[in-house]
Amino acid sequence: MADIAPVTPAEKGRLRSVLAMLWADKPAFVAAIFLCVVLVCALIGPALLDAVATKQNLRGRNAPPFDLSKGWLLILGGDALGRPLLARIIVAAQNTIAIAAGAVVASMIVGSALGLVAGYSRGRWAQIIPRLADVIMSFPSLLLAVIVLYMLEPSAANIILVLAITRIPVYLRTTRAEVLEVRERMFVQAARVMGASDARIVFRHILPVVLPTLLTIATLDFAFVMLAESSLSFLGIGIQAPEVTWGLMVAQGRPYLTSAWWLSFWPGLAIILTTLSLNLLSNWLRVALDPQQRWRLEMGGRKNG
Amino acid sequence: MADHLLEVRNLSVTFHTVRGPVHAVRNVSWHLDRGEVLAILGESGSGKSVSASAIMDLIDCPPGQITSGELLFEGRDLLKMGREERRDINGKRIAMIFQDPLSHLNPVYTVGWQIEETMVIHGTPRARARAETLALLAKVGIPNPGQSAHKYPHQFSGGQRQRLMIAMALALRPDILIADEPTTALDVTVQAQILDLLEKLQAETGMGLLLITHDLGVVAEVADRVVVMNGGEIVEQGSAAQVYANPQHPYTARLIAAAPGKGEMPPDRAPAPPLLAVSGLCKRYGEFTALEGADFALAEGETLAIVGESGSGKSTLAKCLLRLDEPTGGQALYKGADLFRLSPKDLFRMRRDIQMVFQDPTQSLNPRMSVYDLISEAWVIHPEILPRAQWKARAAGLLAQVGLLPEHMHRYAHQFSGGQRQRIAIARALALEPRVIICDEAVSALDVSIQAQVIELLADLRRRFGLSYIFIAHDLPVVRDFADRVIVMQGGRIVEQGSVRQIFDAPRETYTKNLLAASLDPDPAVQAARREARHAAKVPA
């Protein structure tokens, strides 16, 4: 029997091997650390820094960054009311992450579930569900948001709801298209010959093939949702002051862009870094989840193509 | 030494991959003369196509690198020529045809235009190119050239497309034609026609023909000389008849021994009560009838082969039996129950008894599941077979039965070779303890020596467990070795059925006779005799 590629011992502890694979991809490793920091800020930031972040200090209005003379809190500068930007960014992490994650997770679950049904079943639902997506797509998402939030109270939960609904078609269409292709693959037929139930075929054979694509879209969507949320705030129907999000901070800094760039820059940077980190991490996850690609990470991070 | 039309000297090609350099070919030397047919014979991964790719400048550098050697065309080294000069030789002096003609014809242009274009690019005026195209189409046996020139590639059959490719390659009257597995994707009768055409054209034009193939039969049919390759090296070369009759290298001897169709045919079995009796099975897709009035029976422990060319309905038959496709009519009695009218619960139970092994194990094994997951899935679905505690042990046992190691359990399908993957697929089918296994071209995608091993395994399982097989194949020699009875199908109908001896020794139907005549024997002497007979038959007519 000819050569078979050597296999790394699978029994050396799941967590350790996952960490080893993460270490092998240095950018993903840094991204994971950054996301952990963001997560910690989101969890305990408001409890620690809420008082500091809302305290106005008129002498520190639009205070420039990197000036330690007014205290370390103003190292990133102060906003139009002299509130320290660093503290505000940390406090805003909670709302931002909660809304973005909530909207992305909700739309991904609902969208891909509908997509699986639409792609797998050959019945009436296979016709109806894609039309549903068309209806949502044909409706300008901002208009939908304005109407819904005008009627409902603009709370975080409602913003998540609106954003989730407008993003569902993306997942639905992608999932459906992929399922239509995967459904015809030989190994799905083989499972059917063995007598596998529909649920088993969908969740054990089809979903794992589709999942990496969905995760990649989800990370890209994360940034989209953060910015969409800020434009809602800009229109005055999103998160309301004194509550704050990164998107809202960017929007609030806009009038001062020529005189005090840092008002919009720092929260903008936070959005970019978070999205970038998610992207790097999802890229790593895609490789780590695929048995045919995993060796790239197991070989110790030597990259090829 | 410049007398050879094309000479390859000490060619070594290395591919740089993440897993280190791979020496695709090492110190390969061969030559081709005018009017000669040279075959390069080898199994997959032997490097048989690499030297041809080097000649055509088709090796991607990097990752590929020609580390040493010379490619002498009429005494001049191709590797020392500039890009422009090589482009002038490629296509014009040295032309190439490929395995899959559909992917090498542009679907948005008419075939006539594409052939013309080859000539126009190399400087023929449009009007003359058109006239020559029509002459070429007639020459390669395309019916009605005037109209066919205005058709698109998808309007032709597989064999005709290969003829079109040949016409395109011959448009500039090359000195050398390289054919890379030109008939592998074709049915046997079409293969015979294409080989015949190549031979005729070569005799007319006096070009050198380089044929790359894995098929001993193709070598026997057309080659004057043969180069046998294994693992990137030439193990043997000589005249085709001499290499076959008297192989010097053990690898060549093994390869020839592995060629199917030489063993004793099994004796006719005594009639036994049928395990599965199919009658009047038909399947229509709209207006199109894929399968009509199929009647046959399968006895316990029997191997029933279904042979036929593509489109004959043999795969549709398998799919209907497994209820992957719903048949339009007919019945299939298995142990007294009609397979086509089972309740979902009974159908689920039946799944255990009738299993399938698919053609391409790369596609039929889920790439995201380990071997253990693949095999144990059977017991997840049918928990009554085996208590969970015994899964590991049984999976190890099954792997041992199909000739793999229990340690292989935690690997994934892509870490195995093609033959090993098919073994995994067989182990998975066995996990359900079936009575009948339907093999849909289960060995067609495998190399000859691997094919022989897998057939041996299937025969061994038949002896030990009394399994019955429905063995769908287009390769007659394999069927001759392995099956008890044969069904011959054509255009959705069963044209003939009988024991292996009846079909192979005394075929009644013309179609069966044609099929048998077209299938190639690995022995050049036998092929030569058949060719003689064919020509003799043609001359009076």
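Analysis parameters
Residues numbered from 1 in each chain as written. Chains lettered and ligands numbered in written order. Predicted model: local features only at pLDDT ≥ 70, side-chain atom pairs only at ≥ 80, totals over all residues. Helix = DSSP H or I, 4+ residues; strand = E, 2+ residues; numbered from the N terminus. Buried ≥ 20, exposed ≤ 12 C-beta atoms within 10 Å, placed from the backbone. Contact = placed C-beta atoms within 7 Å. Nonpolar A, V, L, I, M, F, W, Y, C, P; charged D, E, K, R; others polar. pLDDT = per-residue confidence, 0-100. Domains from an automatic or database assignment. Pairing = 2+ DSSP bridges. Axes fitted to C-alpha atoms, helices over the stretch in contact; angles between N-to-C directions. Right-handed = clockwise from strand over helix to strand, strands pointing away.

## Focus: the overall build of chain A
The number of helices and strands found in chain A is 11 helices and 0 strands. When the helices and strands of chain A are listed from N to C terminus, the series reads α-α-α-α-α-α-α-α-α-α-α. Each of the three principal axes of chain A carries a C-alpha extent, and together these read 75 × 50 × 30 Å. In chain A, which comprises 305 residues, the share counted as buried stands at 40%. The contacts in chain A between residues at least 6 apart in sequence include a share of 67% that link residues at least 24 apart.

## So, the interface of chain A and chain B
Every contact between the two is made by 24 residues of chain A and, on the other side, 28 residues of chain B. Put simply, the parts of the chain that give the side of chain A that touches chain B at least two residues each are helix H7 (186-194) and helix H8 (198-234) of chain A. When residues of the side of chain A that touches chain B are assigned to their parent elements, the largest contribution, 7 residues, is made by H7 of chain A. A class-by-class count of the residues in the side of chain A that touches chain B yields 15 nonpolar, 5 polar and 4 charged.

## Here we look at the confidence of the model for chain A
Detailed reading of the predicted model is not advised wherever pLDDT is low. Residues and elements named next belong to chain A. Taken over all residues, the pLDDT of chain A has a mean of 81, while the share at 70 or more is 93%. Confidence drops under pLDDT 50 across residues 1-11; counting only partners more than four residues distant or on other chains, this segment forms 10 contacts. This stretch, residues 301-305, has a pLDDT under 50; its non-local contacts, to residues over four places away or in other chains, come to 6 contacts.

## Regarding the domain arrangement of chain B
Residue and element names in this part refer to chain B. If you check the domain split of chain B, you get domain 1 (35-49 + 83-258) and domain 2 (274-521). A separation of 34 Å is found between the C-alpha centroids of domain 1 and domain 2. Taken together, the 15 residues of domain 1 in the interface contact 13 residues of domain 2. For the side of domain 1 that touches domain 2, the secondary structure elements donating two or more residues are helix H7 (188-205), helix H8 (216-222) and helix H10 (250-258). In terms of residue class, the side of domain 1 that touches domain 2 is made up of 6 nonpolar, 5 polar and 4 charged.

## Here's the deal with the sheet that holds strand E3 (residues 37-41) of chain B
All names here are of chain B. Strand order in the open sheet formed by 6 strands is E6-E7-E8-E3-E9-E10, with mixed pairing between adjacent strands. If you trace the sheet from one side to the other, it starts and ends with strand E6 (94-97) and strand E10 (233-239), each paired once. The mean angle between the axes of side-by-side strands here comes to 15 degrees, regardless of whether they run parallel or antiparallel. Note: strand E9 (residues 225-230) against E10, 6 bridges, orientation antiparallel. Paired with Asn230 across the two strands is Glu233, which belongs to E10. Across the sheet, helix H6 (residues 158-170) lies against E6 and strand E7 (176-180), angled at about 170 degrees from E6, the strand it touches most.

## Here we look at the pairing of strand E18 (residues 468-473) of chain B
Residue and element names in this part refer to chain B. Within E18, 6 of the 6 residues are buried, leaving the element largely enclosed by the surrounding structure. Side chains Ser468, Ile470 and Ile472 project from E18 onto one buried face, and the interleaved Tyr469, Phe471 and Ala473 project onto a second face that is buried too. Pairing of strand E13 (residues 303-307) with E18, which is carried by 5 bridges, proceeds in the parallel orientation. Bridge pairing in E18 links Ala305 to Phe471. Judged from the 5 bridges that link them, strand E17 (residues 436-440) and E18 form a sheet pairing that is parallel. Bridging across to E18, Asp440 finds its partner in Ile472. The parallel pair E17 and E18, bridged by helix H17 (residues 448-465), forms a crossover whose chirality is right-handed.

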